[in-house]
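An overview of the molecular structure
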Amino acid sequence: MQRIDFDLDAGHDFVELNQLLKLVGIADSGGQGKAIVASGEVSVDGAVELRKTAKIRAGQVVTIDDVEIRVAAAHG
């Protein structure tokens, strides 16, 4: 399984799920990210997540296919 570590921007408590998929390169756009989430392929902390703009916070793990995205708080 591929692991991607994603640090939230300083001053931000969360990132929307569809935007996270775009920012890590899984989706080419936010719209494509929404379509991926709607397909039921994305899990957050082990549960299927269908809310396209779900707030993903530090400490959560997003999984799609064989990719695991670990979200962490910004450093600094």
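These numbers come from a predicted model, not from an experiment. (Residues numbered from 1 in each chain as written. Predicted model: local features only at pLDDT ≥ 70, side-chain atom pairs only at ≥ 80, totals over all residues. Heavy atoms only, no water.)

1. A few points about the sheet that holds strand E4 (residues 47-48)
For sheets, the rule is that strands pair by backbone hydrogen bonds, running either parallel or antiparallel. The strand order across the open sheet formed by five strands is E1-E7-E6-E3-E4, and the pairing between neighbours is mixed. This sheet does not close on itself; its edge strands, each paired only once, are strand E1 (2-7) and E4. (Pairing = 2+ DSSP bridges. Helix = DSSP H or I, 4+ residues; strand = E, 2+ residues; numbered from the N terminus.)

2. Brief notes about the packing of aromatic side chains
Under the counting rule described, the total for this entry stands at zero aromatic pairs. Stacked on the ring of Phe-14, the Lys or Arg Lys-55 has its end atom at 4.8 Å from the ring centre. (Phe/Tyr/Trp six-rings, centres within 6.5 Å; stacked < 30°, edge-to-face > 60°. Lys NZ or Arg CZ within 6 Å of the ring centre and 35° of its normal.)

3. Thoughts on the pairing of strand E7 (residues 67-72)
Inspection of the sheet shows E1 paired to E7 by six bridges, in the parallel sense. If you follow Arg-3 over to E7, its bridge partner there is Glu-68.

4. Observations concerning the pattern of salt bridges
Applying the stated criterion across every chain yields a total of three salt bridges. A salt bridge links Asp-5 to Arg-3; its shortest N-O distance comes to 3.1 Å. Accessibility expressed as a relative area gives 53% for Asp-5, which makes it exposed. For Arg-3, a relative accessible area of 52% gives the class exposed. Between Glu-68 and Arg-70 there is a salt bridge, with the nearest N and O atoms lying 3.0 Å from each other. What makes Glu-68 buried here is its relative accessible area of 17%. (Salt bridge = Lys/Arg side-chain N within 4 Å of Asp/Glu carboxyl O. Buried < 20%, exposed > 50% of the residue type's maximum accessible area, 1.4 Å probe, protein only.)

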